[in-house]
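Residue-level structural notes
These are the residues of each chain, in order.
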Amino acid sequence: MRRNFPSLFDSGKPLSERVALAFAEDGPLARATPGFRPRQSQIEFALAVAQALEGKETLLAEAGTGTGKSFAYLIPAILSGSVVVISTAGKPLQDQLFQKDIPALSAAFGVNIPTAVLKGRANYICPYRLERTEEEGLLPQRDSYRKLREIKRFAAVSPTGDRSELPTVPEDDPLWPLVTSTRENCLGKEKCTHWEDCFVRAAREKALQSQIVVVNHHLYLSSLALKSSAGGQIDGMLPSANLTVFDEAHQLPGIATDFFGTFFSTWQIEQISDESRYLGINHARDGADWDKLSHDARKAVYDLRIEANAIGLREGDRKAVKTIERFGELEEPFGQVLRTFGALVRALEANKGRHDELDALLSYAGEVDLEMAGWESIIRKLAHGDDAPEDEAAGDASASDAAAPGVEKTDEFALKKQESSVQWISVSATGLRFNNTPLSFAGEFRQMREAEGGAWVFTSATLSAAGDFSHFCAETGIDSPKALTWESPFNYWEQGCFYLPKLPAPVNTVEHASRVVEAAWPLVLAAGGKTFFLCTSLAAVNRMAEELREKLETAGNPYPLLVQGEMPKAALIAEFRRHGNAILVGSMSFWEGVDVRGDALSLVVIDKLPFAPPDDPIVSARSDAIRRRGGSPFGVYALPEAIISLKQGAGRLIRSETDRGVFMLCDARIAEKSYGKSVMKSLPDFFRTRSLEKAIQFFRDPKSWHESLYQ
C-alpha cells in the first residue's frame, strides 16, 4: 500500500511533530474521514503518548467519554513504528480496535500494519477436541449435531478459528467447551497430533511477529507471569513491547487480584474425577478401578458440601474462613476429599505414559491436589490453633510430590499465604470454591513492569477520584507517573440533567428498591421508557423488577421490561436497542462496557452509591490492613472505589454529542455526608436539581428547560 503522507513516517522528524501532522486540518485523518474535526483533548492525549514513548515513561491518562482514546494512543503507536501491545478488559474493545480502528488508520495513512489480536485459548476451536467430540458423539443437546457440523465447516475454512466469527452458534452454547481447549487439557506441541493445525499456536506465532498486538488484561498478565516465573529464560506469549497500553485500565486491579490469587473448587474435583474415569476406562482399563476411584472422590465431595451446609454456608455466600464460627468442623470431610482425590492422582501417576490425555489430566490434578494440601494446613490451624497436629499422613494422602516436584507442602507454605492473603470460601450452585486472594498485587506487578521496560500508558474515563489518582497508583504499584486528565468534549450542562430525589438514606435494600421505583416512575413515563435501572445488588434487581412489572401491568404494559438473568447480557442490550422504548434492570455488570447511543436510552437510575459490602472477605481484609498501617479504610479504599464505579454507571447516559438524558441517583447521602462533595466533583457537569417537576420538564418541554439554563 502506498504511503499517502510519507512525512508521517520520516524518522528524522520528532514523533510529536508527526503526530500533530496527522491531526492537521488538511492531514490524513481529515481527508479520510468526512466531517472530521480535530479535538484539542485528543491531540493533547496523543502528544502525551508520543512523549511517554520517546522517554520510556509511564502515563496515566484519564479521558472522558468522547475524547477518542483509541485514536489518541494508536496514532503515535503506528507512526513510531514501535512494537506495541494493547491490553483491554474484554472482547468488545479488542474487536473494535482490531476490526475497525486500526484498519481505519491504516487506510488513512496508506500503510499495512502487521497486527494481531490474541484471546484466551477458550476462544479458539481446538482441532483435536473437535475431532474427538465428533468421534465420541456424546453431545449436550438435541440440536448439537447440527451445530457441530457448522463448527466443523467453519474450522475447515477459517484462518483464525475464532469462535466469535461463527455467530450461528451462541456464545453460551454448552457445545463450545467440548470443542475448545483449556490450559489444563491442552496436549502441547510434543503430543498433539493437530499441532500444525492449532489455531492458538497460529495466533500466538502471528502475535510474536506483529507490530501491534491486541490482547486482554488476563492474557497479558499471563504472559508477564510466564516470563517472570522462567527468570527471563523463555519468552511469554507476546513480543517485547516498546509501548504497552492498558485501555479500560480501571478494571485492571480487579482482574489482577483474581489473576494473582489461587483457588480450587469442588467442581474441579468432580470434573477431574469424571474425566479420569472416562479416560481411564478407555485408555488404561487395567490400570486401576476407575469407577471406584471416581465414585469415592465424588462421594467425599458430596459429604463435604453437606457438612458445609450444616455449618451455615449457603449459595451466594462469600465468607472469610476466620469469620466462619464452625469452620473447623470441615476438617474431617475435607481430609476425606484429600485422601480420596489423592488416591485418584496416584492412579493417574501409576499410568503415566499410557495416553497423552491421561498425562495432561495428571498435571492438572496435581496442581489442584497441591492447592488442597495447603488448605488442609489452614483448616487444621483454624480447628486446633497452636495445638494443630502434624500431618503424619501427608505423604499418603496425596500425590502432589510426584505430580508437582520441587514444591513442598508444609504449614509454612500455608501460613506464608495467610500473612499476605485472605482465605475465603464462595458458595455457588456448582459447589464450594476455596480462595487465596492477595491483599495487594502491586509489588509483583511493579517488578514485572520493571523487567519488561519500555513506555506504559494506562487509560480510562475513570482512573481518579475527583482528580486524585493515588488509589489507582497504590493498587497497581505505579510510582511517580505523569497523570493527566482530559474532560469529555460533550456539553453535559445542556445535554443532561442530574436529579437527586428527596428519599430517606438507603438502609434496607428491598425497601429502598421499592422507593426507587416509586420515585422514578414519573420520569420513566415522561421519558417514554428508555430507562436503565442500575442496581448495586441482585436483591435490588429482583425487587425492582417485581415493582416495575406491577406498574407496567397497571399501565397496560406500554414498555418492554428486560431483566438481568433472563438472557445473556449482549442479548439484553441488543433487545434494548431494538425496542427503542424498553426498561432494563441490571446489576454491576451493566455499569460499564455498555454503549447505547441515541434516543433508546434517555434515563439512567442508580439505586445508591456503589460502596462494596464491608463484610466482603477481600474488602474486609484490605480494610484491616489499611487500619494496621494507620490509614482510613473508607477514605483510602472504599470511597475511591465507589466513586470510580459511580462514574462508570453515570457514563452510560451520554455517549455522543447529540444524546440527551436524565441521570437519577437515589442516595441522599451525597447531599448529607461530607464526602458528597468529592462524589459530586467526580460526576459530569450536568444541570443539577432536586425537583421532580424540573426533571420532568427536561423530557416534556426541552425548549423551556434549555432556556432556563441561562436565565
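Keep in mind that what you see is a predicted model, and the values were worked out from it rather than measured.

Reading the values: the criteria
- Residues numbered from 1 in each chain as written.
- Predicted model: local features only at pLDDT ≥ 70, side-chain atom pairs only at ≥ 80, totals over all residues.
- Heavy atoms only, no water.
- Helix = DSSP H or I, 4+ residues; strand = E, 2+ residues; numbered from the N terminus.
- Buried < 20%, exposed > 50% of the residue type's maximum accessible area, 1.4 Å probe, protein only.
- Contact = heavy atoms within 4.5 Å.
- Disulfide = S-S within 2.5 Å.
- Domains from an automatic or database assignment.
- Buried area = accessible area lost by both parts, 1.4 Å probe.
- Salt bridge = Lys/Arg side-chain N within 4 Å of Asp/Glu carboxyl O.
- Polar contact = N/O pair within 3.5 Å; in protein donor to acceptor, adjacent residues only side chain to side chain.
- Nonpolar A, V, L, I, M, F, W, Y, C, P; charged D, E, K, R; others polar.
- Pairing = 2+ DSSP bridges.
- Axes fitted to C-alpha atoms, helices over the stretch in contact; angles between N-to-C directions.

A few words now on the environment of Ala72. As for its placement among the helices and strands, Ala72 is situated in helix H4 (residues 69-80). On the basis of relative accessible area, Ala72 is assigned to the buried category, the value being 0%. Those residues in contact with Ala72 that lie beyond four places of it in its chain are Gln42, Phe45, Ala46 and Val49.

A word on the state of the cysteines. Covalent bonding between the sulfur atoms of two cysteines is what defines a disulfide. Tallying each qualifying case throughout the model produces zero disulfides. Cys126 carries a free sulfur, and the closest cysteine sulfur to it, the one in Cys192, is 5.9 Å from it. In this structure Cys126 comes out as buried when scored by relative accessible area, which is 14%. There is no disulfide at Cys497, and the cysteine sulfur nearest it, in Cys666, is 13 Å away. The class of Cys497 is buried, set by a relative accessible area of 0%.

Annotation of the chain at the domain level lists domain 1 (15-114 + 454-481), domain 2 (121-204), domain 3 (262-388 + 420-438) and domain 4 (492-709). Between the C-alpha centres of domain 2 and domain 3 the distance comes to 28 Å. At the junction of the two partners, domain 2 supplies eleven residues and domain 3 supplies ten residues. Taken over both partners, the interface formed by domain 2 and domain 3 buries close to 820 Å², and the fraction arising from carbon and sulfur atoms is 45%. Of all residues in domain 2, the largest losses of buried area upon contact with domain 3 belong to Arg132, Glu184 and Lys191, amounting jointly to 56% of the total for that side. Here Asp359 ties to Lys191 by a salt bridge, and the two come within 3.1 Å at their closest N and O atoms. At the boundary of domain 2 with domain 3, the tally comes to six residue pairs in polar contact (both at pLDDT 80 or more). Of the residues in the side of domain 2 that touches domain 3, the class split is four nonpolar, one polar and six charged.

Moving on, we come to the sheet that holds strand E9 (residues 431-438). Overall, antiparallel pairing links the four strands, which are arranged E6-E9-E8-E7 in an open sheet. Of all strands in the sheet, those with a lone pairing partner are strand E6 (262-265) and strand E7 (318-320), marking the two edges. Taken over all neighbouring pairs, the strand axes of this sheet differ in orientation by 20 degrees on average, direction set aside. Sheet analysis places E7 next to strand E8 (residues 421-428), joined by three bridges and oriented antiparallel. Among the inter-strand pairings, Ala320 is bridged to a residue of E8, identified as Trp424. Along the sheet face, helix H25 (residues 617-628) touches E7, E8 and E9 and points at about 165 degrees away from the line of E8.

This part covers the pattern of salt bridges. When the charged atoms of two side chains lie near each other, side chains of opposite charge can form a pair. One pass over the structure, following the stated rule, counts 42 salt bridges. When the shortest N-O distance is used, the salt bridge between Arg433 and Asp258 registers 3.5 Å. Of the two residues, Arg433 is situated in strand E9 and Asp258 in helix H11 (residues 252-260); the sequence distance between them amounts to 175 residues. Between Arg298 and Asp274 there is a salt bridge, with the nearest N and O atoms lying 2.8 Å from each other. Pair noted here: Arg298 is in helix H13 (residues 290-310) and Asp274 is in helix H12 (residues 266-283), with a separation of 24 residues, a long-range link. Judged by relative accessible area, which is 32%, Arg298 ranks as partly exposed. Look at the salt bridges and you will find they share partners, linking Asp143, Arg146, Lys147, Glu150 and Asp173 into a network.

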